[in-house]
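Chains, contacts and geometry: an overview
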Amino acid sequence: QVQLVESGGGLVQPGGSLRLSCAASRTIFHGNTMNWYRQGPGKPRELVAGITSGGNTNYVDSVKGRFTISRDNAKNTVYLQMNSLLPEDTGLYYCNVNLPVPAGGHLPFWGQGTQVTVSS
């Protein structure tokens, strides 16, 4: 089984909070960096946050201090806690993992996405 399934999106007012979850297949979760991407209306897809298997994190500047990525290795699940949400955070959020392959490239896996809409 190879899959990524996102949940937790919805409609929230500016200043509100949401927590996204991504349930992953153990095979692609274990030992790999997990990422959250998003794509807003009229915007390119961007990397929002990433977390390594050891718990090191990275964030795009626009969400630093507001979003927190975490993972539960026992549950094969990665989370994105989003606080102080802004209208510009609106978009389709995707869970992603890029598996290294012996030839030197990567094999990407994507979830179906979960919609986050921040509006009053």
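As shown above, the structure is provided for reference.
In what follows, the accompanying structure is described. (Residues numbered from 1 in each chain as written. Predicted model: local features only at pLDDT ≥ 70, side-chain atom pairs only at ≥ 80, totals over all residues. Heavy atoms only, no water.)

1. Thoughts on the state of the cysteines
- In total, this model carries one disulfide according to the counting rule given.
- Residue Cys22 pairs covalently with Cys95 via a disulfide, S to S 2.1 Å. Note on the Cys22 and Cys95 pair: the S-S dihedral is about -85°, so by sign convention the disulfide is left-handed. A residue pair is termed long-range when its members are at least 10 positions apart, and Cys22 in strand β3 (residues 18-24) and Cys95 in strand β9 (residues 91-100) qualify at 73 residues. (Disulfide = S-S within 2.5 Å. Helix = DSSP H or I, 4+ residues; strand = E, 2+ residues; numbered from the N terminus.)

2. What about the pattern of salt bridges?
- Per the stated rule, a full pass over the model turns up four salt bridges.
- Measuring nitrogen to oxygen at the nearest pair gives 2.9 Å for the salt bridge that ties Arg38 to Asp89. Of this pair, Arg38 sits in strand β4 (residues 34-39) while Asp89 sits in the loop between β8 (77-82) and β9, placing them 51 residues apart in sequence. Take Arg38 and Asp89: they sit in the same class, and that class is buried.
- In this structure, Asp61 and Lys64 form a salt bridge, with 2.9 Å as the shortest nitrogen-oxygen distance.
- Of the residues examined, Asp61 reaches a relative accessible area of 59% and is grouped as exposed.
- Salt bridges sharing partners connect three or more residues here, namely Arg38, Glu46, Arg66 and Asp89. (Salt bridge = Lys/Arg side-chain N within 4 Å of Asp/Glu carboxyl O. Buried < 20%, exposed > 50% of the residue type's maximum accessible area, 1.4 Å probe, protein only.)

3. Digging into the nonpolar core
- If you look at the biggest cluster of nonpolar residues, it comprises 26 residues, and the most contacted ones within it are Met34, Trp36, Val78, Leu80, Met82 and Tyr93.
- Among the secondary structure elements, those contributing two or more residues to this core are β3, α1 (26-29), β4, β5 (46-51), β7 (67-72), β8, β9 and β11 (114-118). (Core = buried A, V, L, I, M, F, W, Y, C linked by side-chain atoms within 4.5 Å.)

4. Brief notes about unusual backbone geometry
- Non-glycine residue Asn76 carries a positive phi angle of around 55°.
- Relative to the helices and strands, Asn76 resides in the loop between β7 and β8.
- Backbone geometry at Ser84 places phi at a positive 50°, although glycine is not the residue there.
- Within the secondary structure, Ser84 sits in the loop between β8 and β9.
- Among the residues examined, Ser84 registers a relative accessible area of 41% and is labelled partly exposed.

5. Description of the side chain of Thr77
- Position of Thr77 relative to the elements: it lies in strand β8.
- Within the structure, the side chain of Thr77 is placed 2.9 Å from the backbone oxygen of Lys75, a separation counted as a polar contact.
- Those residues within four positions of Thr77 in sequence are excluded, and the remaining contacts are Ser21, Cys22, Ala23, Phe29, Ser70, Arg71 and Asp72. (Polar contact = N/O pair within 3.5 Å; in protein donor to acceptor, adjacent residues only side chain to side chain. Contact = heavy atoms within 4.5 Å.)

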